Structure formats: C-alpha cells, structure tokens
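Results of the structural survey
Okay, here's what each chain looks like letter by letter:
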Amino acid sequence: MRRWRGMKMENLRDYSVWSLVFAVFIFGHLLCPAIGTSGDSPGLVATKESRRRLVHTDAGEITTVDVFNGRKDVGSYHLEFFTLDTRSLFLPVLLHTDMIFYVHTGRGNVSWIDKKRVKVVHVEEGDMYRLEEGTVFYIQSSEDPNRIKLRIHAIFNTCGDQDDTLADSFTGGAYSSIADLVRGFDNEVLQSAFGASADVIKELTRSEKVPPIIHFGIKNETESFFAMDWREGILEALAGRTTMDYVFRNKKNVEKAFSILKGKRDVENSHGWSTAVTHKEARSLKGSSMGVFMVNLTQGSMIGPHWNPRATEIAIVVKGHGMVQISIPSGASGHGDCKSSTTKRFYVKEGDVFVVPRFHPMAQLSFENSSFVFVGFSNNAKKNHPQFLAGKWSVLRTMQKEIMAASFNVKIMTLDDLLTKQKDAVLLGCDGCAEEVEKKMDAEIKREEEEKWRKEEEERREMEEARRREEEKKARKQEEEKQRKEQKREEEEQRKREEEEEARKREEEQRKKEEEEEARKREEEEKQRREEEEHRREEKEEEKQREKEEEEVERKEKEKERQKEMEEEEEIRRKEEKTRREEEAEEEEAQRRWEEEERRQREGKKQEKEQDKSETPEEETSWEEEGGKVKWRRMWMI
C-alpha cells in the first residue's frame, strides 16, 4: 500500500500512455476467469505459527520470519517480533542494517547512540521509527497498570532497493550483542582502552552471559538513566559521556516517534481508512526509501484492485482476518489470452505476514463478521505511485473510450457502465466478497490437492512401471548373459568330450588286440561267476521266502489267539456289567423299601411323641432304626 493522498484526476493524465496500456493489459487479465494456484502461496505468506523463536525468557521473547519478495535477484525480507514484559530490557546491540519498527502494543523507550550522543524516543501503540545501520541501541519497556506487554514489529532492510546494494552489509544476522563484541577483545586491550582495573575487566569477561531480554526493575523511565551500574557505563563510554542524566537535561537528545494512529489519514470513508508514511511525514525515514503504511477495513469492505509500479509491500495483520487476492502476470502470450496470468488467493489472520511484489495487482478484502487491519512496510516509497484499476481514481478513465473499448473488444456503452458506476475511491464496499473468495480458494485448494494426488499417483505408477521395465531389462540381460555363459560352457565341455573321446578311441584301438583274449577269458570267468552268484542268490531268495511264509503263519496264529482272548474278555466284561446293573437295581429297590419303612417309622415315632414326651423310647426307636439299617446293610453284603 503506497501513498495516494492528494492525487487528482489531472495528475493522473500526466502518466505515460504506455503505463495506461499496461494497465489495460493487466485489467484484461482480471476480467478473464482465474486460472492457476490458490491458497497459501509459498514465499508470499508466512503464518504466525511458522515464526522461528530466537529468544525466549521469562522477561520476553523474539520471533522471526523471512518472506520472499518475488524477485529472483534479491533475497528475502527479514522481520522480527519483539515482545517485552513490563519493566524489561532488551540489552544493547549493534545494527548490521537499517531497521524500521512499528509498536503494536504497550509503551517504552528506545535508546541509541548518534554521533557520540545518547538519544531516546518514547514509543507507544501506533508509533513507528527507523534506526540506521551501525546504530547501537536498546529497548526498555515501561510499567503498565494493565501489564500490557511492549510488542514491536520490525523489518530489516536485508534486500535493499533496486537502486542500491544495502543488503551487502547484512552478514551474520540483523544485529550483534555489544557485550559479546566487547568480550571478544583480550583483557589487556580492554584494560588499556577503558582505563579500568584488572579486577573490573576480569569480572566483565568472566561474568555469566545473560539472555538478550531481562527484567529491569525501574520505577519510571527517568530513573533508568540514574540506576545503571558499570556495565551500562560501557554504553556511556561508547557515547563519549560520563553521566546519563545529560540525556534528559538536553531536549535535543529526545526524539519523537511518528504515530500512525494519530496522524492524518490519506483516505477515510464508511469502509475504513488508510494512511501511508514516507520521509515527508516521519523525519526518521529521511534518507531511506522504505515507507510504512496502515489499512483498517471495516466489515464487508475491500481495497480496490491496484498495483505498485516500483514498490513491494510487506504487511503484518494486527487485528481481525481477511482475504488477499493477487493477480500474477506470467508473460504475454497474445492479446486476450487468459493464461498469461494466474490468480493467488490466501487467507490471513492476526500475526500473519503477506507480501505483494511490485507489478502484481492486488485486492484486500474483509469478512462480514470481522474487520481487517494490517500494517506494513514498502520499499521505494518515494518513487512509487499506486495504480488503481477500479473506483473514482481508476487509471482506465484517463484513456479514450474508443481505445479502451477496442482493447476489451466491447461496446462503448458497456465500458461506460464498467467505469462510471463506482463513485468511491480506494476503499470500496464488498459485502460477501471475502467469503466468496475464500470458497473459491478452498475449492482451488481441494482441486490442487486432488491434482497433486493424481500427479503423484501417476508419477508413482510411472516410476513403478519404469522400475519394472528396468528390472525386466536387467533380468533379460542377466538371463541372456547366463545363457551365453551356459552355451559357452557346454561348447567347451563338448569340445573336451570330443577330444577325450578321440584319445580314448586311439587308446582302445591300441589295446584292443592285446585285450581280446584276456577279455574273452574274463568274460567266461565272469559268466561262470555270475551263474554261481545267481544260483546262490536264488537259494537265498527261496530261504527268505520260506522264512517269511513261516513268520506270516505264526503271526496269523498269534492274531487269532489274541482275538479269541479279546472276545473272551469282552464276554466276561458284558457279564460283569449285567451283574453290576442287576445288583444296582436290587440295591435301589432295597433302598427304596428301606426309605419307605423309615418314613413309616418316623410317622409312628411322631405320633408317639405327641402322646408321650419322654426321650428314652425315641432313642431306642432310633437305635432300632439304625440297627435295622445296619442289619439290612449286612444282609445286603451277604
């Protein structure tokens, strides 16, 4: 977002015709259906969760993120987010490059050395300031009744502008600790340089290293300059002063920060407000091409489509959430070819960082349920003039209608309806636009994920097919090599066999005559021997057969006897089982009769008890019953 305050229609006509033709070209792409990727664009968006933590103590923390600016010849922008608890101190550091910061919440002091003087700027929410490279500075947060922490968003000019080489100085990080720099010298050098005793230097170099952010218990800002010990005296020595109270006694040493929230706003209407700060408004930006801007969109609003001819915007969402849509030109391939640009849409929330490179038309939109506030930094602020495609300040209105109609291939009446309906400028109403863009983004993300999955699946199949073909090719080669080796081996063996056979034949021919007679004798002897062996073998076979038959007969006899014994045993078992069942039946019948008798006796005894209460007859009856039972059992056993 660049400065547009005071821009009038007659000033717009001064821009070159080529600039307007370029605007027509860009706007023509915006009218085409969006083609390309959507969702978070790698390098253009950095979420709050993606920040890296540099420092974390009980007094505060520092996180950082690097974002790409869209130029291949320039690196990324380096941002750091300082959070200091109340009454805390960020210890002195040496800046390696320019630093521009914005105070998000809280209040405190930023002190630095400028030409042997210690300067101080009191900062609070909405303030911005710039510190030049080579500056030694520290940050001190103030006491707050609500314990609101001091939060500072800072950007370091690591890329430089297109006309300078400032990024060359960015080596080894954005800054370095003064304490570490001092401790890097030998003790003798420090002792002579500071004129201090050896004990002081030894304590300085051997003291435990403290984290970059510490608690610093000071009751008010003024006291901080009178409560420093010898360690803070090093900063005084660097400034060439002997006492720090000189800072507040001399008003020249107290700088004033520029408040974006309290400053005059460039544009303000029912859809929100916006402002841009350059060196003309903020003295601290003098000599720097960087600028600061802030936009506050109300619910259901947007910044009209526009682009920056020379500046890249790096924005931080400080409140709410919204959508950002960017049209990215990818080179002309013919007039009216919608494929010559792509559209990127991404959702951003509080703490996220997004970048819009120059030449990229953009629009920021707020949701109907939330405002959308973001603050940012831009390079080449003093040379940049934003070009708006729609609204009261549209550059398209400066061209002749006939040329514009011919460019879009539409009627002049259609062009009039397009350019004259919108009466607002810059900040426009757009109910439901952010929600609709988010839906398209989600749909694009889903399609991209499906396409990515499909491509990965195709690549996987292709890789699998290639691997299979390679394995088959390798297997074929191995098989062919094996066959060649096998064929060669067989040929070699065949050759050897033929040679051996030829040699054997020659030897046979030589021995044949000498061995014929001996062979005949051996044949006769062998024949006789075979006949004898055959005879002996037949006898042995007959003997074995007889023995086998005898064994079979004997086995059958034993089997019959064993079967007979088993049958007899089975018969005895059946008889015993029958006898047992008969005895059990008789025993059950006797038991039943005894129980019946016992029941009758119990009934008789019960009647006797009712007539006679004496216990003796009952005992005799019980004995008789028991005796009868024993007697019966004895009879049963007999």
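As a reminder, the structure under discussion sits directly above these lines.
The rules behind these values
Residues numbered from 1 in each chain as written. Predicted model: local features only at pLDDT ≥ 70, side-chain atom pairs only at ≥ 80, totals over all residues. Heavy atoms only, no water. Helix = DSSP H or I, 4+ residues; strand = E, 2+ residues; numbered from the N terminus. Buried < 20%, exposed > 50% of the residue type's maximum accessible area, 1.4 Å probe, protein only. Contact = heavy atoms within 4.5 Å. Areas by Shrake-Rupley, 256 points an atom, 1.4 Å probe, with all protein chains shown as cover. Expected span 1.5 Å × (residues − 1). Bend = angle between axes of the 7 residues up to and from the residue. Phe/Tyr/Trp six-rings, centres within 6.5 Å; stacked < 30°, edge-to-face > 60°. Lys NZ or Arg CZ within 6 Å of the ring centre and 35° of its normal. Polar contact = N/O pair within 3.5 Å; in protein donor to acceptor, adjacent residues only side chain to side chain. Disulfide = S-S within 2.5 Å. Pairing = 2+ DSSP bridges. Core = buried A, V, L, I, M, F, W, Y, C linked by side-chain atoms within 4.5 Å.

**Let's talk about the overall build of the chain**
When you go through the chain residue by residue, the secondary structure sums to 11 helices and 26 strands. Per-residue burial over the chain gives 37% buried out of 638 residues. Nonlocal contacts in the chain, meaning residues at least 24 apart in sequence, comprise 76% of its contacts between residues at least 6 apart. In the structure as shown, the chain presents an accessible area of about 39,300 Å², 49% of it carried by carbon and sulfur atoms.

**Considering helix α10 (residues 433-611)**
Taking 1.5 Å of rise per residue, 179 residues should cover 267 Å, yet α10 covers just 113 Å from first to last C-alpha, more than 12% shy of that figure. The axis of α10 is deflected most strongly, by about 55°, at Lys-512. Among the residues of α10, those classed as buried are Ala-434, Val-437, Met-441, Glu-444, Glu-457, Ala-590, Trp-594 and Lys-605.

**Comments concerning the packing of aromatic side chains**
On inspection of all chains with the given rule, the structure shows 12 aromatic pairs. A centroid spacing of 6.5 Å and a plane angle of 35° characterise the contact between Phe-82 and Tyr-175, whose relative ring orientation is tilted. One end of the pair, Phe-82, is in strand β4 (residues 76-84); the other, Tyr-175, is in strand β12 (residues 175-177), with 93 residues separating them in the sequence. You can call Tyr-175 buried: its relative accessible area is 17%. Put simply, the rings of Phe-82, Phe-90, Phe-137, Phe-156 and Tyr-175 pair up and form one aromatic cluster. It is Arg-51 that lies over the ring of Phe-81; its NZ or CZ is 3.6 Å from the centre. Taking NZ or CZ as reference, Arg-265 lies 4.0 Å from the ring centre of Trp-273, over its face.

**Remarks on unusual backbone geometry**
In the Ramachandran plot, Arg-87 falls in the positive-phi region, its phi being about 55° despite a non-glycine side chain. Residue position: Arg-87 is located in the loop between β4 and β5 (88-95). On the accessibility criterion, Arg-87 (28% relative accessible area) is partly exposed. Although it is not a glycine, Arg-147 adopts a positive phi angle of roughly 55°. Tracing the backbone shows Arg-147 in the loop between β10 (136-141) and β11 (150-156).

**Points about the side chain of Thr-275**
Relative to the assigned elements, Thr-275 resides in strand β17 (residues 272-277). Polar side-chain contacts of Thr-275 include one of 3.2 Å to the backbone oxygen of Lys-264. Contacts of Thr-275, omitting those with residues within four sequence positions, involve Ile-260, Lys-264, Arg-265, Asp-266, Val-292, Phe-293 and Met-294.

**Things to note about the environment of Phe-258**
With respect to the element layout, Phe-258 can be found in strand β15 (residues 258-259). Sequence separation between Phe-258 and Ala-282 is 24 residues, and the spatial gap between their C-alpha atoms is 5.8 Å.

**Some details on the state of the cysteines**
Applying the stated criterion across every chain yields a total of 1 disulfide. Between the sulfur atoms of Cys-430 and its disulfide partner Cys-433 the distance amounts to 1.6 Å. Residues Cys-430 and Cys-433 are joined by a disulfide whose S-S torsion is about -95°; by sign, that bridge is left-handed.

**Details of the pairing of strand β2 (residues 52-57)**
Bridge analysis of β2 against strand β3 (residues 60-68) gives 5 bridges, and the strand direction is antiparallel. Each residue of the ladder has a partner; that of Arg-52, found in β3, is Thr-64. Between β2 and the antiparallel strand that follows it, β3, lie 2 residues.

**Structural notes on the nonpolar core**
Counting residues in each nonpolar core, the largest one holds 48 residues, and the members touching the most others are Leu-79, Val-353 and Phe-354. It is strand β20 (residues 313-329) that contributes the most residues to this core, 8 residues altogether. In this view, Phe-354 contacts Leu-44, Val-45, Glu-313, Ile-314, Ala-315, Val-317, Val-324, Phe-346, Val-348, Gln-364, Phe-372 and Phe-374; residues no more than four positions away in its chain are not counted. Ranked by size, the runner-up nonpolar core spans 27 residues in total, among them Val-103, Val-110, Ile-213 and Ala-257.

**Let's talk about the sheet that holds β2**
What the 7 strands build is an open sheet, ordered β2-β3-β4-β11-β6-β9-β15; its pairing is antiparallel. On the outer flanks of this sheet lie β2 and β15, each paired with one strand and no other. Note: β3 against β4, 9 bridges, orientation antiparallel. From the neighbouring strand, Val-67 faces β4, where its bridge partner is Tyr-77.

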